Amino acid sequence: MIYRQPIRKIQESVNSMLELVFGVSLKNATDEQCYKAVALCVRDRMEKGRSEFIQLAEQTKTKHIYYLCMEFLLGRSLKNSLFNLGLEEDYRKALAGLNLNLDALYEQEPDAGLGNGGLGRLAACFLDAMASLGIPATGYSLRYEYGIFRQKLVDGWQTELPDFWLPGGKIWLRSEPEKSVEVRFNGRIDDYWNNGFHVVNHKDFTKVMAVPSDLYVPGIDGRGVSRLRLWAATSEDFDMSLFNGGDYLRAVEQKAMAETITKVLYPEDNHPEGKSLRLSQQYFLVSAAVQDIIRHHLFRNRTLDNLPDCIAIHLNDTHPVLAIPEMMRVMMDECGYGWDSAWEIVQNVFAYTNHTVMSEALECWGINLFRSRLPRIYQIVEEINRRFCAGMHNKGVDGYQVGRMAPWNDGFVKMANLAVASCHSVNGVSKLHSEILKDRVFHDFYTEMPEKFTNVTNGIAHRRWLCQANPGLAALLTELTGDGFVRDAAELEKLMKYKSDPAVLEKMAAVKRENKIRLAKYVKRENGADLDPDSIFDVQVKRLHEYKRQHLNALQILTDYLRLCENPEMEFTPRTYLFGAKAAPGYYFAKQIIRFIVDLGKTIDADERVNKKMKVVYLEDYRVTLAELLMPAADLSEQISLAGTEASGTGNMKFMINGAVTLGTLDGANVEIRDAVGEENMILFGMDAQEAEERKKAGYQPRAFAEKNPELQAALNAVEKGFCGVDFRDISNSLLSSDPYMVLADFDSYDKARHKSERLYRDADQWRSMCLVNTAKAGIFSADRAIREYAENIWHVKPVPEGKRHV
Ligand SMILES: *Cc1c(COP(=O)(O)O)cnc(C)c1O
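Residues numbered from 1 in each chain as written. Predicted model: local features only at pLDDT ≥ 70, side-chain atom pairs only at ≥ 80, totals over all residues. Heavy atoms only, no water.

*Asks:* How would you summarise the environment of Glu451 if you had to cite specific residues and measurements?
*Replies:* Position of Glu451 among the secondary structure elements: in the loop between helix 19 (443–448) and strand 19 (453–455). Given the relative accessible area of 62%, Glu451 is considered exposed. Separated by 25 residues in sequence, Glu451 and Val426 place their C-alpha atoms 9.3 Å apart. (Helix = DSSP H or I, 4+ residues; strand = E, 2+ residues; numbered from the N terminus. Buried < 20%, exposed > 50% of the residue type's maximum accessible area, 1.4 Å probe, protein only.)

*Asks:* Summarise the site of the ligand; cite the residues concerned and give the values.
*Replies:* Residues in contact with the ligand amount to 14 residues; listed here are only the nearest, Lys542, Lys548, Thr650, Gly651 and Lys654. Residue Lys542 places a side-chain N or O atom 2.7 Å away from an oxygen atom belonging to the ligand. Contact with the protein chains removes 96% of the 390 Å² of surface that the ligand exposes when unbound. At the level of elements, helix 26 (624–630) and helix 27 (651–657) are the ones that each hand at least two residues to the shell around the ligand. Its residues assigned to classes, the shell around the ligand shows 5 nonpolar, 5 polar and 4 charged. (Near = heavy atom within 4 Å. Polar contact = N/O pair within 3.5 Å; in protein donor to acceptor, adjacent residues only side chain to side chain. Areas by Shrake-Rupley, 256 points an atom, 1.4 Å probe, with all protein chains shown as cover. Nonpolar A, V, L, I, M, F, W, Y, C, P; charged D, E, K, R; others polar.)

*Asks:* Please set out the side chain of Asn354 residue by residue, giving values where relevant.
*Replies:* Assignment of secondary structure puts Asn354 in the loop between strand 14 (350–353) and strand 15 (364–366). Using a relative accessible area of 1% as the deciding quantity, one classes Asn354 as buried. In terms of polar contacts, Asn354 uses its side chain to reach the backbone amide nitrogen of Thr356, at 3.0 Å. Asn354 has contacts with Leu362, Asn427, Gly428, Val429, His433, Leu437 and Phe442, leaving out every residue within four places of it along the chain. (Contact = heavy atoms within 4.5 Å.)

*Asks:* Please provide a residue-by-residue account of the packing of helix 21 (residues 471–481) against helix 23 (residues 502–527), values included.
*Replies:* A pair of packed helices can be characterised by two numbers: the angle between their axes and the separation between those axes. Closest axis-to-axis distance for the helix 21/helix 23 pair is 9 Å, and the angle between their directions is 165°. Taken together, the axes of helix 21 and helix 23 lie roughly antiparallel to each other. The crossing of helix 21 and helix 23 is right-handed. Every residue of helix 23 that contacts helix 21 at Pro471, Gly472, Leu473, Leu476, Glu479 and Leu480 is listed here: Val504, Lys507, Met508, Val511 and Arg518. Residue classes in the contact of helix 21 with helix 23 are distributed as 7 nonpolar, 1 polar and 3 charged. (Axes fitted to C-alpha atoms, helices over the stretch in contact; angles between N-to-C directions. Parallel < 35°, antiparallel > 145°, perpendicular 65-115°, else oblique. Left-handed = near helix turned anticlockwise from the far one by under 90°.)

So this is what it looks like as structure tokens:
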């Protein structure tokens with residue numbers, strides 16, 4: 001068990017932190033100082049817990065997992081840490097005795113928004129799961145000074161404000177300057193053979209120092225503690241020798257470069273920015289991480305020969321794939337390995353997760369940029385490519401096929417190809433996605449090396465997304481089934497026996513209503529809008545992207561609006577349509593969709609004929625902390641991407657576990673939600689992935705769909721004409737001419753599904769039973785399950801023995 005301090009002790013620690021760190025006494029301390037003092041107390045315990053946990057991991061020779069990712073979308077830490085450590089109630093009591101309210105202190109914490117969306121949130125959920133299962137793990141990422149921008153809507157138009165999170169957030173970071181490493185850019189390579197040794201000299205390079213700071217994520221009951229090591233680029237180690245040597249420009253360049261590398265998170269989701277700074281960020285992360293891993297390993301082992309027995313390195317998407325040539329570089333240039341023995345080890349260490357099938361999202365780097373920025377890495381990629389292609393040719397693989405698989409081709413370094421060619425494991429993030437990888441994206445690889453390919457469906461940290469975000473439901477579940485589900489999400493299934501129990505369904509509905517009221521209060525405060533908790537809360541929150549089809553949703557709302565104007569007596573259950581999404585700052589079309597939704601909402605609000613029945617609210621600044629408020633309050637979960645485009649989705653899982661019904665396509669993990677709950681407990685519509693593919697092949701004609709549906713045509717006309725003095729012909733033109741995500745083809749079916757959801761909702765018993773089944777079947781979407789699969793099938797790691805707790 002967790003070591004629980006007496007309440008008095010907690011109070012003393014908080015008091016002494018206030019004195020020690022801020023030089024204030026409790027009665028003069030601000031809420032912000034109190035939050036930080038409490039954070040430091042918790043951090044201190046996690047640091048001790050981590051070091052005990054790692055000691056045991058080393059005694060038991062448990063593999064260490066290094067999870068490399070450019071993004072970790074952590075959100076807040078204080079509540080999660082206290083909850084997982086089982087200390088929330090002790091702290092609540094202790095603080096109450098000091099006249100402090102724990103919930104108010106929670107509100108002092110800014111979100112650590114070091115990510116864009118699902119991919120970064122997944123990485124954060126996985127740190128929690130690894131700690132909870134007792135798997136020793138380190139995440140590596142960048143300590144961006146500015147996280148994902150704060151979104152502000154001005155007359156419906158998205159504007160971006162900087163997210164300077166460090167003043168409130170760095171309290172969680174423990175700086176480790178003595179573990180800094182040097183990362184080299186630019187320059188030229190001088191290499192020659194000397195007495196049978198290949199000597200490589202990197203000359204005239206630009207030097208940037210990488211300084212780590214660590215943040216901890218505790219698992220449930222403190223079974224383990226994960227570490228997230230964030231690298232900051234600095235010029236602290238300013239190179240005076242360059243000044244003295246007269247190389248003034250390079251000295252200044254070095255300083256300027258260092259200061260920009262970790263300045264800001266790139267705000268594009270599913271769309272790589274081919275900028276030189278982004279390449280520098282990627283290499284900076286992987287070089288620092290690989291050097292850190294190898295240094296640590298050599299400190300204990302003297303050799304890298306046993307590296308694959310001791311560690312696994314996971315590449316979350318292609319962004320950190322340069323870790324592969326970087327490890328080859330360190331092994332060959334710094335540790336004396338030859339190519340073949342280094343390559344053998346590298347292949348056994350690395351595994352890769354793919355996150356997208358959309359071709360525009362597959363990362364490529366132009367060779368000129370790559371070579372000038374990373375000259376040595378370029379040589380190594382070239383050699384990996386040469387050997388890979390030669391190997392394939394020798395196997396008798398067709399020349400075109402080899403070209404398509406090559407890591408280096410057509411003047412580009414192809415990051416996904418480099419990953420698949422090098423890693424021992426390649427996985428997609430849902431069953432459907434993993435099949436599409438084998439059939440289409442990586443088909444050429446699949447025919448040659450099928451054994452590499454596997455699936456691990458994504459998962460969510462169910463303790464954060466259910467227990468912490470929805471304490472009302474968690475308490476009810478505990479009353480009904482015991483609290484086993486907290487540690488083992490599969491136990492949620494015990495709820496199934498209440499599927500037709502009116503008293504239980506009633507109680508669950510009451511919890512939902514409370515959550516809707518809680519959200520309504522927030523919306524009132526933030527937007528001034530009044531939400532009716534008895535209306536259907538119909539929610540679409542996720543990044544704004546055409547493939548996710550927020551415009552399909554809006555187009556259907558517009559259609560119903562026009563219908564209600566025509567026929568005010570039409571049967572219609574009051575509905576609140578909630579949207580939340582950030583658009584990439586340069587994504588004009590996405591910003592246009594936001595404005596369309598906002599203006600549609602204003603038009604409806606101003607229309608007495610309908611404004612008691614429909615309400616459209618666009619919530620600003622969708623982020624983890626807002627998601628935690630929204631998920632428990634949703635009746636309907638909109639998961640309406642074109643089938644075959646969303647790799648998995650994790651928002652869908654968060655809604656499901658909170659008892660929302662999914663209205664969606666058979667895309668990503670929606671397919672597995674269907675398998676879990678059965679078709680009768682979700683609302684499906686639209687083409688499946690194969691139908692969408694075939695229709696596209698046959699020559700898709702969006703206009704034909706508008707022509708045969710007068711209501712759709714009328715809605716599109718209204719889009720073109722616009723409202724609030726703004727026309728949206730960019731949207732209507734795009735839909736009628738190319739409609740790349742087949743909004744019009746799925747419209748009719750979506751429209752019917754929306755109306756079906758209304759009929760189902762009106763039958764309260766049936767609806768509530770559907771909600772219950774969704775929660776009951778959500779256990780398989782716990783990140784614990786996903787991490788168990790990674791551990792068994794990919795990393796081959798067994799948890800440290802259970803029993804002993806470390807915090
Ligand atoms: C879960 C989550 C996402 C991912 O949502 P999808 O619907 O799976 O795209 C994005 N942003 C935030 C803040 C999240 O919590």
